[in-house]
Amino acid sequence: MTDPLTAEVLRNALVVAAEEASIVVVRSAYSTFIVEGSDASAAVLDARGRLIAQSMATTLMNSMALRVALPELLADFPRDTMRPGEVYALNDAYRGGVHTNDLLVFRPVFAAAGDGDAPAYFTATMIHVSDLGGLSAGGMAPLATDIFLEGLQLPPVRLATERGLEPAVEAILKANSRTPDKVMGDVRALVAGTAVAAARMEALIAEYGVRGLAEGVADYLDHTEARTRAALAELPEGRFAAAYPIDDDGIDQDRAHHIRVAVTLGGRAAVLDFAGTDPQVPAAINASASQSLAAAVFAIRCFLDPAIPMNEGCLRAIDVRLPEGSLLNARSPYPCGGRYVPIYAAMEAVFQAMSDAVPERAIAASGILQPFSIAAVGAPYWIHLSYDFGGVGARRDLDGPDATGVHFGIGRNSVPQVEPVESRCPLIVESIETIQDSGGPGRRRGGLGSRTVYRFLADCHVTTRGDRLRLAPPGREGGLPGRLGGFYRRRLDGTVERLASKVNNVRFAAGEAFIVETTGGGGLGPPGERDREALLADLDAGRVSAGGAARDYG
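Residues numbered from 1 in each chain as written. Predicted model: local features only at pLDDT ≥ 70, side-chain atom pairs only at ≥ 80, totals over all residues. Heavy atoms only, no water.

Q: What exactly am I supposed to notice about the pairing of strand β19 (residues 502–508) here?
A: Walk down a regular strand and you will see the side chains alternate between the two sheet faces. Burial runs high along β19: five of the seven residues are buried. The pairing of strand β16 (residues 460–465) with β19 spans five bridges and is classified as antiparallel. Bridge pairing in β19 links R465 to K502. (Buried < 20%, exposed > 50% of the residue type's maximum accessible area, 1.4 Å probe, protein only. Helix = DSSP H or I, 4+ residues; strand = E, 2+ residues; numbered from the N terminus. Pairing = 2+ DSSP bridges.)

Q: Looking at this structure, how should I read the sheet that holds strand β13 (residues 383–388)?
A: Sheet strands line up and pair through hydrogen bonds in the backbone, either parallel or antiparallel. Reading across from one edge, β13-β12-β16-β19 is the order of the four strands in this open sheet, with antiparallel pairing throughout. A strand with exactly one partner marks an edge of an open sheet, and here the two such strands are β13 and β19. Neighbouring strand axes in the sheet, compared pairwise and without regard to direction, differ in orientation by 15 degrees on average. The sheet contact formed by strand β12 (residues 370–376) and β13 spans six bridges and is antiparallel. From the neighbouring strand, Q370 faces β13, where its bridge partner is D388. (Axes fitted to C-alpha atoms, helices over the stretch in contact; angles between N-to-C directions.)

Q: I'm lost on the sheet that holds strand β18 (residues 496–499) in this one. Help?
A: With antiparallel pairing, the five strands of this open sheet are ordered in space as β14-β15-β20-β17-β18. Only two strands of the sheet have a single partner each, and these edge strands are β14 (427–434) and β18. Taken over all neighbouring pairs, the strand axes of this sheet differ in orientation by 20 degrees on average, direction set aside. Sheet analysis places β14 next to strand β15 (residues 450–456), joined by seven bridges and oriented antiparallel. Bridging from a neighbouring strand, V429 pairs with Y454 of β15.

Q: What should I look at first to understand the nonpolar core in this one?
A: Here is a general trend for soluble globular proteins: nonpolar side chains tend to be buried in one another's company. Formed by 83 residues in total, the largest nonpolar core has its most connected members in F106, V263, L265, L272, F274, I300 and M354. Top element by residues in this core is helix α9 (residues 340–357). It accounts for 13 residues. Residues within four places of F274 in sequence aside, it is in contact with I259, R260, V261, A296, V320, R321, L322, P323, L328, A346 and V350. Judged by nonpolar contacts, the second largest core, of 26 residues, contains V26, L152, L165 and L173. (Core = buried A, V, L, I, M, F, W, Y, C linked by side-chain atoms within 4.5 Å. Contact = heavy atoms within 4.5 Å.)

Q: Which parts of the structure should I look at to understand the packing of helix α1 (residues 4–28) against helix α6 (residues 210–233)?
A: Viewed as axis vectors pointing N to C, α1 and α6 meet at an angle of 95 degrees, and their least axial separation amounts to 10 Å. Taken together, the axes of α1 and α6 are roughly perpendicular relative to one another. Together, L10, R11 and L14 of α1 and L213, G216, V217 and Y220 of α6 make up the contact between the two elements. Of the residues assigned to the contact of α1 with α6, the class counts are five nonpolar, one polar and one charged. (Parallel < 35°, antiparallel > 145°, perpendicular 65-115°, else oblique. Nonpolar A, V, L, I, M, F, W, Y, C, P; charged D, E, K, R; others polar.)

Q: In this structure, what is going on with the pairing of strand β2 (residues 51–54)? I would like to understand it.
A: The pairing of strand β1 (residues 41–46) with β2 spans three bridges and is antiparallel. Bridging across to β2, V44 finds its partner in A53. Between the antiparallel neighbours β1 and β2 lie four residues, among them G49 with a positive phi of about 85 degrees.

Q: It is not clear to me how unusual backbone geometry should be interpreted in this structure. Could you clarify?
A: The bulk of non-glycine residues show a negative phi, and the bulk of peptide bonds are trans. The omega torsion across S332 and P333 is 5 degrees, close enough to zero to call that bond cis. Take P333: it is sitting in the loop between β11 (318–321) and α9. Cis geometry is adopted by the peptide bond preceding P380, which originates at A379 and carries an omega value of -5 degrees. Examined against the element boundaries, P380 turns out to sit in the loop between β12 and β13. Phi angles above zero are rare outside glycine, and E477 is one such case at about 55 degrees.

Q: Mind showing me how you'd approach helix α5 (residues 180–208) here?
A: Each α-helix winds once per 3.6 residues, and so residues spaced three or four apart point in a common direction. Taking 1.5 Å of rise per residue, 29 residues should cover 42 Å, and α5 covers 42 Å from first to last C-alpha, within 8% of that figure. Note on α5: the residue one or two positions beyond its end, G209, has a positive phi of about 85 degrees. (Expected span 1.5 Å × (residues − 1).)

Q: Got a minute to help me understand the state of the cysteines in this structure?
A: Note on terminology: a disulfide is the covalent bond linking the sulfur atoms of two cysteines. Throughout the structure, instances matching the rule amount to zero disulfides. Unpaired in terms of disulfides, C302 finds its nearest cysteine sulfur in C314, a separation of 11 Å. C302 gets classed as partly exposed once you look at its relative accessible area, which sits at 41%. Its sulfur unpaired, C425 is 9.7 Å from the next cysteine sulfur, which belongs to C460. (Disulfide = S-S within 2.5 Å.)

Q: Got a minute to help me understand the pattern of salt bridges in this structure?
A: Counted according to the given criterion, the structure contains 43 salt bridges. Taking the shortest distance from any N to any O, the salt bridge between D356 and R476 comes out at 3.1 Å. Of this pair, D356 sits in helix α9 while R476 is found in the loop between β16 and β17 (486–490), placing the two residues 120 residues apart along the sequence. In this structure, the salt-bridge partner of D467 is K502, at a minimum N-O distance of 3.2 Å. Residue D467 is found in the loop between β16 and β17, and its partner K502 is found in strand β19; the two are separated by 35 residues along the sequence. Across the pair, K502 and D467 agree in class, each one buried. Salt bridges here are not isolated pairs; linked through shared partners, they connect D399, D402, R445, R530, D538 and R543. (Salt bridge = Lys/Arg side-chain N within 4 Å of Asp/Glu carboxyl O.)

Q: Which parts of the structure should I look at to understand α6?
A: Between its terminal C-alpha atoms α6 stretches 35 Å, which fits the 34 Å expected from 24 residues at 1.5 Å a residue. Regarding α6, the residues found buried are L213, G216, V217, D219, Y220, L221, T224, E225, T228, R229, A231 and L232.

Q: In this structure, what is going on with the packing of aromatic side chains? I would like to understand it.
A: Here a ring pair, both rings aromatic, is described through the centre-centre distance and the interplanar angle of the planes. This model, assessed by the stated rule, comprises eleven aromatic pairs. When the centroid spacing of 5.6 Å and the interplanar angle of 65 degrees are considered together, the rings of F372 and Y454 count as edge-to-face. With F372 in strand β12 and Y454 in strand β15, this residue pair connects regions lying 82 residues apart in the sequence. With respect to burial, F372 and Y454 carry one shared label: buried. Centroid distance F508 to F514: 5.9 Å. Interplanar angle 80 degrees. Geometry classified as edge-to-face. Connected via pairs of aromatic rings, a cluster forms that spans F372, Y454, F456, F487, F508 and F514. The ring centre of F508 lies 4.4 Å from the NZ or CZ of R489, which sits over that ring. (Phe/Tyr/Trp six-rings, centres within 6.5 Å; stacked < 30°, edge-to-face > 60°. Lys NZ or Arg CZ within 6 Å of the ring centre and 35° of its normal.)

Q: What am I meant to see in the side chain of R95 here?
A: Along the polypeptide, R95 turns up in the loop between β3 (87–90) and β4 (102–109). Setting aside residues no more than four positions away along its own chain, R95 makes contact with V68, A69, E72, A75, D76, L90 and P156.

These results come straight from atomic positions and should not be treated as a statement about function.
So this is what it looks like as structure tokens:
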């Protein structure tokens with residue numbers, strides 16, 4: 001048994017190894033989205049595929065993908081065939097991946113260097129590389145009807161050896177990208193990140209010994225499991241069910257889809273069963289199993305002690321059941337690129353079920369992130385990938401935060417800043433502001449949505465993949481829904497037209513503007529019960545207008 005002090009030192013050393021890897025990726029990558037948005041993830045796993053540590057900036061979406069994908073990699077490349085210096089990669093959504101542009105990279109770490117030795121650990125990195133083909137630049141294909149329209153699929157492959165990148169794999173990646181130099185710069189950054197983390201792991205093996213490190217990791221995971229089960233034991237026992245709708249699938253504008261969940265609490269464990277969720281569809285609103293697992297785990301953890309580490313120990317206490325062939329566990333050839341839509345609905349369904357279970361921690365529904373891409377209409381290609389966030393739903397004792405989204409996929413810190421975007425792309429960001437009166441009225445007000453205006457200096461293509469733009473996030477307990485956002489085109493004559501929430505390669509002319517408005521969060525409790533001082537503060541800050549105060553709060 002590792003003593004508590006050593007265990008804590010070891011825990012931090014493992015997290016630092018992953019964190020340093022993610023920093024190296026960000027500092028080495030070529031894509032604007034990575035360099036300026038710091039959207040890179042890294043993790044350390046053991047030979048059994050267990051998640052040991054993740055970088056501080058890593059989203060649960062990405063660490064769950066790395067965790068689910070490693071056993072798939074080992075099925076194709078057994079551990080005893082691996083050699084020091086080798087690096088492997090995949091992006092197969094049906095084998096743990098996310099979608100075609102998210103590249104997962106693994107490096108085996110050996111405890112000894114003798115012939116026949118198998119790796120004891122794996123370091124892993126992951127980013128959304130700039131472009132790997134598909135219907136539109138940057139990996140956005142909101143109208144894809146099968147996986148083949150989303151871009152290059154990469155099964156587990158050996159990406160590099162100690163001599164460098166595999167020439168054949170490099171040639172395939174470059175041949176399938178509109179921005180081959182950026183993609184290969186991103187790939188080399190991913191490989192470099194795994195090397196740094198591997199060096200840190202080798203140092204830990206040298207310091208603690210093979211057995212000592214393994215025992216320390218096992219104790220650490222057991223401790224996390226015990227803390228997770230203790231936190232679950234504090235929740236009321238019972239079965240709590242909820243559902244959440246999806247606006248549309250982009251193909252059929254009049255057909256809604258639903259995610260359903262039953263959360264069962266008891267016995268120091270939680271079961272999240274998504275039976276009854278609608279079946280997969282030939283449209284980009286399906287998700288791979290790794291992404292749905294991440295959504296479910298994130299949502300339940302929001303009702304537990306936030307200090308509990310995120311590793312395999314936590315996962316042992318949470319049983320997530322995802323029906324195969326559903327929107328949350330798609331099978332080939334159904335597309336998975338629009339995974340944000342179903343997994344955020346899954347997260348919201350769990351939130352509402354848990355709000356029924358633990359009403360003192362209730363939260364109303366939120367506006368979610370709205371991804372989009374802006375790209376050149378032809379070579380030489382430039383691409384701006386981004387998203388913006390809606391307002392968070394009101395909480396029991398707090399208003400919802402403005403325009404931050406619920407930080408499941410990524411947080412607002414990953415939105416690239418204006419100046420670097422303007423310096424790399426032919427566009428001007430005219431304005432960024434919150435939208436007055438967009439937060440759902442209630443005793444506690446929902447967070448505001450935002451408005452961003454991009455004016456183009458060259459012709460370009462715009463692709464969008466939004467949701468909660470037709471069905472407003474509802475309030476709870478008498479609170480009102482948030483205000484709907486949307487995507488808009490401002491023409492040269494100043495007229496403004498609304499775009500569908502999911503459009504592909506809409507051509508904008510130079511001088512036209514693209515407007516992104518995000519949806520506000522739902523309110524909680526009757527608006528008439530809102531504290532007068534809080535309402536006056538909203539009026540003073542401009543969050544609520546005089547007309548809105550009269551209309552919504554009387």
